Amino acid sequence: MPTVNMSVNGKPASGEVEARTLLVQFLRETLRLTGTHVGCDTSQCGACVVHVNGSSVKSCTMLAVQADGAEVVTIEGLADGDSLNPMQEAFRNNHGLQCGFCTPGMVMSAMDLVNRNPGATEAEIREWLEGNICRCTGYHNIVKSIQEAAGNMGD
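Positions within a chain are numbered from 1, following the residues in the order the chain's sequence is written. Local features in this predicted model are restricted to residues of pLDDT 70 or higher, and side-chain atom pairs are both shown and tallied only at a pLDDT of 80 or more, whereas totals for entire chains, interfaces and linings draw on every residue. Values shown for side chains rest on all heavy atoms present in the structure; no hydrogens or waters enter the calculation.

Draft legend 1. The domain arrangement of the protein chain, seen in detail. Marked domain ranges trace back to an automatic or database domain assignment. Domains assigned within the protein chain are domain 1 (3–76) and domain 2 (86–149). Of note, the centres of domain 1 and domain 2, computed from C-alpha atoms alone, are 21 Å apart. We call two residues in contact whenever any of their non-hydrogen atoms come within 4.5 Å of each other. Taken together, the 18 residues of domain 1 in the interface contact 15 residues of domain 2. Accessible area that two parts lose when put together, with a 1.4 Å probe and added across both, is what the buried area reports. Carbon and sulfur atoms supply 58% of the area buried between domain 1 and domain 2, which totals about 1200 Å² over both sides. Considering only the surface of domain 1 that becomes buried against domain 2, His37, His51 and Ile75 emerge as the three largest contributors, covering 39% of it.

Draft legend 2. Summary view of the pattern of salt bridges. We count a salt bridge whenever a side-chain nitrogen from Lys or Arg sits within 4 Å of a carboxyl oxygen from Asp or Glu. Under the definition given, this model contains 4 salt bridges. Where Arg20 meets Glu18, a salt bridge forms, and the shortest distance between an N and an O atom there is 2.8 Å. Only protein chains enter the accessibility calculation, which uses a 1.4 Å probe. A residue is then buried if its area is under 20% of the maximum for its type, exposed if over 50%, and partly exposed in between. Judged by relative accessible area, which is 64%, Arg20 ranks as exposed. The partly exposed category is assigned to Glu18, whose relative accessible area is 37%. Here Arg92 makes a salt bridge to Glu89, at a shortest N to O gap of 2.7 Å. With Arg92 and Glu89 both in helix H2 (residues 86–93) and 3 residues apart, this pair spans about one turn of that helix. Using a relative accessible area of 54% as the deciding quantity, one classes Arg92 as exposed. On the basis of relative accessibility, which here comes to 25%, the residue Glu89 falls in the partly exposed class. Strands are runs of DSSP state E lasting at least two residues, helices are runs of H or I lasting at least four, and both sets are numbered from the N terminus onward.

Take a look at the structure:
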C-alpha cells in the first residue's frame, strides 16, 4: 500500500492508504478529523470541501495519493485555539447554519471565495456556493455571513 505524506492543518500527517482511498476517507478515518462531512458520495453537496494547496476542493473527488506532498486545511484548522476564524464567527453571528451538516463545507468554500474575491457581490457569492447544498436554509443568512466575514477579513 502506498504511504501518503502531507501537511494537514499545519502539522505533518502520513499514513498507508489503499490506492482507491479518497482524501475525505483519509481525513476522517485515518486522521480522525471528522469536521469534513460526507453528504452525498457523488460530489454534489459540498459538505466535504477542504483546501488543498490554498484552493477549495471536494475531498470526495480526490484520492488521498493525489494529495501526497500537499498542504491540506480542514475546518478544524481554521480556528486559532479558542478564537474562531472571522468566517466561522460571521456564520455564528448571522445564524448562517441550522443543522450544521453543510456548514464546514460552506465555510471552507466561502474562505476560498473571499481569499480570491474579497469584494464579492451577493450574486457572485450565490454563484460560488452553487456546488454547496444546504437543505435547511434559504441561503440568505449564509450570504450575509460571508459578506460580514469578507468585511472583517479585510481589516
